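Inside the fold
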Amino acid sequence: MSNQSAELLKNPVQPQTGEATHQKPASPSCRFCNAPLTVNLVDLGMSPLCESYLAADQVNTMEPFYPLHVYVCGKCYLAQLEEYVQREHIFSEYAYFSSYSDSWLNHAKKYTELMTKRFALGAKSLVVELASNDGYLLQYFVQKQIPVLGVEPAANVAKVAVDKGVPTLVEFFGVDLARKLVATGQQPDLLLGNNVLAQVPDLNDFVGGMKILLKPGGVITMEFPHLLRLMDENQFDTIYHEHFSYFSLITTEKIFAAHGLTLFDVEELASHGGSLRIYARHSDDHTKPVSSSVTELLQREHDAGLDRIERYAEFEESVKETKRKLLEFLIHAKREGKKVVGYGAPGKGNTLLNYCGIRTDFLDFTVDRNPYKHGRFLPGTHIPIFPPEHLRAARPDYVFILPWNLKNEIMEQLSFIREWGGKFIVPIPSVKVYE
Ligand SMILES: [Zn+2]
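None of the values given here were measured: they were computed from a predicted structure. (Residues numbered from 1 in each chain as written. Predicted model: local features only at pLDDT ≥ 70, side-chain atom pairs only at ≥ 80, totals over all residues. Heavy atoms only, no water.)

**Topic: the overall build of the protein**
Counted only if it meets this: Note on conventions: DSSP H or I runs of at least 4 residues are helices, E runs of at least 2 residues are strands, and numbering of each starts at the N terminus. Atoms counted for the radius of gyration: C-alpha only. Globule rule: 2.2 Å times residue count to the power 0.38. Burial here depends on accessible area, computed with a 1.4 Å probe over protein chains only, as a share of the maximum for the residue type. Under 20% is buried, over 50% is exposed, and the range in between is partly exposed.
When helices and strands are counted, the protein shows 15 helices and 17 strands. For a compact globule of 435 residues, the expected C-alpha radius of gyration is about 22 Å, and the protein comes in at 23 Å, within 12% of that figure. Counting only C-alpha atoms and orienting by the principal axes, one finds that the protein spans roughly 75 × 65 × 50 Å. Here the protein, with 435 residues, has 53% of them falling under the buried criterion.

Here's what the structure looks like:
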């Protein structure tokens, strides 16, 4: 025993008189408006980090689980998770490479065409992307000789971008980085971020940074999953620790306005189960009038109850019912002796499988196109991940599509399973079989 421990045993530290020794954790507060969070959206229990795929030598070791408990702010209606895990832990080595999805690449390419035309981008413009991943999108601007800069905190992913000719800073974005870039004259005409706003723990620092960085007259576009669709279609599996916030247009408009930015257009996209693409500008830039699409969508969200706290409180029961129906289906299939395997190993699959308690008792294995995941195991459920060729050899009765947002693309790629009578299962919004 060390001298220090012996000393402690002789003189144990006593709590000061009157100080509570078993305090409840302080109640969480809204990451935008700071109001206390008291209303549940949904509590999905304890779950591992959904991108922490395990190597074979890790499956018998202890695995950290964190709460997956979403609140909604009663004042600004921002749906949010507490930051249970530090962002450095989640994002410094990231397994998600955007370029492994054909439809996402296609989406990015179309976006670059659209923006280049609409905002007359050229060789003198600058496009900055926040969370630029492996350069999946900026590469198309590079092809058009439009100068770009990526900002990507995951070094392993950023390296892939740099190798393909997309200049990329390995940094987290916020006010500090924005000031540094402005000081070196790097202000973008187009500043974009796809599926990053949800992943920002300090929302005000991030949006405040965008306000500082954006060139006068410049345009911000951001894409993120739409809370209206998440709630209407039971997409609870898009909730995971990496996604700290879930946005309606009503709430997004408040957040941007608080930082001197005005939303002047919005589009509804099919990506990720239903996303919004918002267009923002400096509030004092009157060259871009606010389109009727903004006011119309705000009205639709109002009609759907997204500015009433009672609507949010109803969501949890529909999530529970989705779980019950999915388990009913799987139990029935297994009792009939069917072979069920997974397709894909996306983050959303891990939320669904852990919440529903679906392990190798229901899914023998899953397959994925990303070689990083081959030979690894899904976090929590420990379902093994193989290359897609495994499907042919296994001849499953059912292929359970985990990235259901890509179901059409996947069913087309895997149409060969029909040779042996194989069928597809899509779990969300509620379990459905495709023959
Ligand atoms: Zn709030």
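**Brief notes about the sheet that holds strand 10 (residues 261-269)**
To keep things clear, this is the line we draw: Pairing between two strands requires that DSSP report at least two bridges joining them. Any two residues whose heavy atoms approach within 4.5 Å are treated as being in contact. Between N-to-C directions, angles cover 0 to 180 degrees, with each direction set by a line fitted to C-alpha atoms, over the stretch in contact for helices.
Spatially, 6-5-4-7-8-11-10 is the arrangement adopted by the seven strands of the open sheet, whose pairing is mixed. Where the open sheet ends on each side, the last strands, each with one partner, are strand 6 (168-169) and strand 10. Here helix 10 (residues 292-303) sits on the sheet and contacts strand 10 and strand 11 (275-282); the angle it forms with strand 10, its principal contact strand, is near 70 degrees.

**Re the pattern of salt bridges**
This is how it is decided: Any carboxyl oxygen of Asp or Glu that lies within 4 Å of a side-chain nitrogen of Lys or Arg is treated as forming a salt bridge with it.
A full pass over the atoms with the stated rule returns 15 salt bridges. For R311, the salt bridge identified is with D232, shortest N-O distance 3.6 Å. Of the two residues, R311 is situated in helix 11 (residues 309-313) and D232 in helix 8 (residues 227-232); the sequence distance between them amounts to 79 residues. Assessed through its relative accessible area of 15%, R311 is described here as buried. One salt bridge in this structure joins E267 and R277, with 3.0 Å as the shortest N-O distance. In this pair, E267 is assigned in strand 10 and R277 in strand 11, connecting sequence segments ten residues apart.

**Observations regarding helix 9 (residues 249-258)**
Of the residues making up helix 9, those classed as buried are L249, I250, T251, T252, I255 and F256. G260 occupies a position one or two residues after helix 9 and carries a positive phi of about 75 degrees.

**A word on the confidence of the model for the protein**
Note the threshold: Scored from 0 to 100, pLDDT reflects the predictor's confidence in each residue.
Predicted confidence across the protein gives a mean pLDDT of 91, with 91% of residues reaching 70 or more. Every residue in residues 1-22 is under pLDDT 50, and counting partners more than four places away or in other chains gives four contacts.

**Here's the deal with the pairing of strand 7 (residues 190-194)**
Selection criterion: Handedness of a crossover: with both strands directed away from the viewer, a clockwise path from the first strand across the helix to the second marks it as right-handed.
In terms of burial, strand 7 is largely enclosed, as five of its five residues are buried. Alternating residues of strand 7 divide into L190, L192 and N194 and L191 and G193, and every residue in both groups is buried. Strand direction decides the pairing type here: strand 7 and strand 8 (residues 219-225), joined by five bridges, are parallel. Bridging from a neighbouring strand, G193 pairs with M222 of strand 8. Handedness of the strand 7-helix 7 (residues 203-213)-strand 8 crossover: right-handed.

**Some remarks on the packing of aromatic side chains**
Defined as follows: Between rings of Phe, Tyr and Trp, where Trp is taken as its six-membered ring, a pair exists when centres lie within 6.5 Å; planes separated by under 30 degrees are stacked, by over 60 edge-to-face, and by other angles tilted. By definition, being over a ring means that NZ of Lys or CZ of Arg is both within 6 Å of the ring centre and within 35 degrees of the ring normal.
Counted by the stated rule, this structure contains ten aromatic pairs. With 5.3 Å between their ring centres and 80 degrees between their planes, F173 and F206 make a pair best called edge-to-face. Taken together, the positions of F173 in the loop between strand 6 and helix 6 (175-183) and F206 in helix 7 put the pair 33 residues apart, joining distant regions of the chain. A relative accessible area of 4% places F206 in the buried class. The structure contains a cluster of three or more aromatic residues connected by ring pairs, namely F119, F264 and Y279. The ring of Y279 has R118 sitting right over it, with the charged end atom 4.5 Å from the ring centre. The ring of Y372 carries R376 above its face, with NZ or CZ at 4.4 Å from the centroid.

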